[in-house]
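Architecture at a glance
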Number of protein chains: 2
Amino acid sequence: MAEVVEVPLCLDSPNFDALQAALPLAPGRPLVNSVNAEEASLEKILPLVKERDCAVIGLTIDETGIPKDVDTRLRLTGKILERAARFDIPPEDVIIDPLVLAVSTDHEAASITLQAIERIRAEFGVSINLGASNVSFGLPERHTLNQSFLALACAAGANCLISDPFRLSLTLRATDLLLGRDPFSARYIAQFRAIQSQQDKP
Amino acid sequence: MAEVVEVPLCLDSPNFDALQAALPLAPGRPLVNSVNAEEASLEKILPLVKERDCAVIGLTIDETGIPKDVDTRLRLTGKILERAARFDIPPEDVIIDPLVLAVSTDHEAASITLQAIERIRAEFGVSINLGASNVSFGLPERHTLNQSFLALACAAGANCLISDPFRLSLTLRATDLLLGRDPFSARYIAQFRAIQSQQDKP
């Protein structure tokens, strides 16, 4: 991958040995996906992140699994950030992922995640990552759900999304513009033109 | 129109005489679009609304035009509701429209409206109407902007939209589901099926 793209890589593996082998080879400052609030995970992954001086995604999961409520996700955010601080990893290098679950199995799943985003941003001010398209799993017309969720998540404070950049890039720019973050609609129009010129290619 | 559809009508005319003539003929409890915070408007329209015992949309505009800021829109909301109360028109019969302007001419236009919606809901608790598609005027791919704005506006507290029901109905149901308002995704799936069966028709 490092030979194909020019951006830093996100290394995503549950295999510790694979992460350890890949980290020295990745160019720039890579992003590790992920650590979680389990003791075993914190103790293994954080030293690796510190040694490579890179960034890490922290999932709000612990030994008891994925918490259903907002408060527990906040508590686990605090735990991950506190442990990172002990390794001298600053909060700006920890991107918290408050977990996106499918609304098809629990209709309150998305609203709990949206509340968690708002509270984590307010209390800790860290960046927020989301596996955004999980939200629509199992339902028809997933793209429509993904579009609405992206708008709601950005308004709540998410700033890092694992999603399809081709299908959702204009929705992202549209949302930024509507939130007052795009003077003269410049980035929205630039993205529209980029998509158009892509489509015009033979 | 009253012979074609079975729902109450929204009577939209700047012509007072036309409204006065149409109101007795409209079935059920019609909705008048609109009164605004100008003295001349309040004095002419509100007695008409009271006499017909119907509902009215109140635009946050006064003699000085459309206010750019949130505070003035809040103040004009208070003025309209207070004047309605003097005519014994209850707040639940006044739907406030805090005005949607194009982001193409002012990139903060949408975010000001979204803030106004949140504060009007918090301080007055009344229903909110929006001419939602105004937001995308003058920009390409208006539908993408309209979709994101609908999601953001619903999250802020809007509950009455002037928009294209065919193109935006699934986005509306998707947003409701993501906000935790649709147990078992029932209304989202029903809407998807309704669209599908409409498309299947020869």
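Residues numbered from 1 in each chain as written. Chains lettered and ligands numbered in written order. Predicted model: local features only at pLDDT ≥ 70, side-chain atom pairs only at ≥ 80, totals over all residues. Heavy atoms only, no water.

1. Description of the packing of aromatic side chains
Aromatic rings considered in pairs are described by the distance between their centres and by the relative angle of their planes. Scanning the entire structure with this criterion turns up zero aromatic pairs over all chains. For the cation-ring pair, Lys 44 of chain B lies above Phe 16 of chain B, with the distance from its terminal atom to the ring centre recorded as 4.5 Å. (Phe/Tyr/Trp six-rings, centres within 6.5 Å; stacked < 30°, edge-to-face > 60°. Lys NZ or Arg CZ within 6 Å of the ring centre and 35° of its normal.)

2. Quick notes on the pattern of salt bridges
All names here are of chain A. A complete count under the given rule lists 21 salt bridges over all chains for this structure. Its salt-bridge partner being Arg 119, residue Glu 123 comes within 3.8 Å of it at the nearest N-O pair. Of this pair, Glu 123 and Arg 119 both sit in helix H4 (residues 109-124), four residues apart, which is roughly one turn of the helix. Residue classification places Arg 119 among the partly exposed residues on the basis of a relative accessible area of 33%. Shared partners join several salt bridges into a network, and the residues in it are Glu 39, Lys 79, Glu 82, Arg 83 and Arg 86. (Salt bridge = Lys/Arg side-chain N within 4 Å of Asp/Glu carboxyl O. Helix = DSSP H or I, 4+ residues; strand = E, 2+ residues; numbered from the N terminus. Buried < 20%, exposed > 50% of the residue type's maximum accessible area, 1.4 Å probe, protein only.)

3. Quick word on the interface of chain A and chain B
Taken together, the contact between chain A and chain B spans 34 residues of the former and 34 residues of the latter. In total, about 2,700 Å² of surface goes out of reach between chain A and chain B, with carbon and sulfur atoms giving 74% of it. The largest share of the area that chain A buries against chain B comes from His 107, Leu 152 and Leu 178 of chain A, three residues that together contribute 25% of it. Applying the counting criterion to the chain A and chain B interface returns zero salt bridges. If you look at where chain A meets chain B, you find nine residue pairs in polar contact (both at pLDDT 80 or more). If you list the elements that add at least two residues to the side of chain A that touches chain B, you get H4, helix H5 (142-156), helix H6 (165-178) and helix H7 (186-200) of chain A. For the side of chain A that touches chain B, the element with the most residues is H5 of chain A, which contributes eight residues. Residues that form the side of chain A that touches chain B fall into these classes: 21 nonpolar, ten polar and three charged. (Contact = heavy atoms within 4.5 Å. Buried area = accessible area lost by both parts, 1.4 Å probe. Polar contact = N/O pair within 3.5 Å; in protein donor to acceptor, adjacent residues only side chain to side chain. Nonpolar A, V, L, I, M, F, W, Y, C, P; charged D, E, K, R; others polar.)

4. Describing the sheet that holds strand S2 (residues 31-36) of chain A
Residues and elements named next belong to chain A. What the four strands build is an open sheet, ordered S1-S2-S3-S4; its pairing is parallel. At either margin of the open sheet sits one strand with a lone partner, and together these are strand S1 (10-12) and strand S4 (94-97). The average angle at which neighbouring strand axes cross in this sheet is 35 degrees, direction not considered. The pairing of strand S3 (residues 55-59) with S4 spans four bridges and is classified as parallel. From the neighbouring strand, Gly 58 faces S4, where its bridge partner is Ile 96. (Pairing = 2+ DSSP bridges. Axes fitted to C-alpha atoms, helices over the stretch in contact; angles between N-to-C directions.)

5. Topic: the relation of the copies chain A and chain B
The two copies are related by a screw motion: chain A maps onto chain B through a turn of 180 degrees and a shift of 0.0 Å along the axis, at an RMSD of 0.0 Å. On this basis, the relationship between the two copies can be described by a two-fold rotation axis. With an isologous cut-off of 70% or more, the 100% of interface residues of chain A that recur at the interface of chain B puts this contact in the isologous class. (Least-squares fit on C-alpha atoms with pLDDT ≥ 70 in both.)

6. Focus on the confidence of the model for chain A
Per-residue pLDDT for chain A has a mean of 95; in total, 99% of the residues score no lower than 70. Model confidence for the complex: the whole-complex pTM is 0.93, and ipTM, which rates the interface, is 0.92. (pLDDT = per-residue confidence, 0-100.)

7. Digging into a nonpolar patch on the surface
A contiguous nonpolar surface patch, about 260 Å² in accessible area, is contributed by Val 4, Val 5 and Val 7 of chain B. Locating Val 5 of chain B in the fold gives a position in the segment before strand S1 (10-12). (Patch = residues over 30% accessible without salt bridge, like charges linked within 9 Å, V, L, I, M, F, W, Y side chains within 5 Å. Areas by Shrake-Rupley, 256 points an atom, 1.4 Å probe, with all protein chains shown as cover.)

8. Here's the deal with helix H3 (residues 70-86) of chain B
All names here are of chain B. Between its first and last C-alpha, H3 extends 25 Å over 17 residues, near the 24 Å set by a 1.5 Å rise per residue. Looking at the packing, one finds that the buried side of H3 touches strand S2 (31-36), helix H2 (39-52), strand S3 (55-59), strand S4 (94-97) and helix H4 (109-124). Remark: Asp 88 follows H3 within two positions and exhibits a positive phi of approximately 65 degrees. (Expected span 1.5 Å × (residues − 1).)

9. A short note on the state of the cysteines
Tallied over the entire structure, the rule returns zero disulfides over all chains. With no disulfide partner, Cys 54 of chain A has as its closest neighbouring cysteine sulfur the one in Cys 10 of chain A, 10.0 Å distant. With relative accessibility at 2%, the residue Cys 54 of chain A sits in the buried group. Free cysteine Cys 160 of chain B: the closest other cysteine sulfur is in Cys 10 of chain B, separated by 7.8 Å. (Disulfide = S-S within 2.5 Å.)

10. Side note on the domain arrangement of chain A
All names here are of chain A. Partitioning chain A into structural domains gives domain 1 (10-163) and domain 2 (164-202). Centre-to-centre, using C-alpha coordinates, domain 1 lies 25 Å away from domain 2. Taken together, the contact pairs nine residues of domain 1 with nine residues of domain 2. Interface area for domain 1 against domain 2, summed over the two sides, is near 820 Å², with a carbon-plus-sulfur share of 68%. Contact with domain 2 buries surface across domain 1, with His 143, Leu 150 and Ser 163 losing the most and accounting together for 55% of the total. Remark: the boundary between domain 1 and domain 2 carries zero salt bridges. Applying the counting rule to domain 1 against domain 2 returns one residue pair in polar contact (both at pLDDT 80 or more). The residue makeup of the side of domain 1 that touches domain 2, split by class, is five nonpolar, four polar and no charged. (Domains from an automatic or database assignment.)

11. Considerations on the sheet that holds S3 of chain B
The strands that make up a sheet are held in pairs by hydrogen bonds between backbone atoms, and each pair lies either parallel or antiparallel. Residues and elements named next belong to chain B. Within the open sheet, the four strands sit side by side as S1-S2-S3-S4. Their pairing is parallel. The outermost strands of the open sheet, each flanked by one partner alone, are S1 and S4. Taking each pair of neighbouring strands and ignoring which way they run, the sheet shows an average axis angle of 35 degrees. Strands in contact with H2 are S2 and S3; relative to S2, the strand with the most contacts, it is inclined by about 155 degrees.

12. A short note on helix H5 (residues 142-156) of chain B
Residues lying three or four places apart along an α-helix face the same way, a consequence of the helix completing one turn every 3.6 residues. Given a rise of 1.5 Å per residue, 15 residues ought to cover 21 Å, and the 21 Å separating the end C-alpha atoms of H5 of chain B matches this to within 8%. Among the 15 residues in H5 of chain B, 13 count as buried, and that is most of the element.

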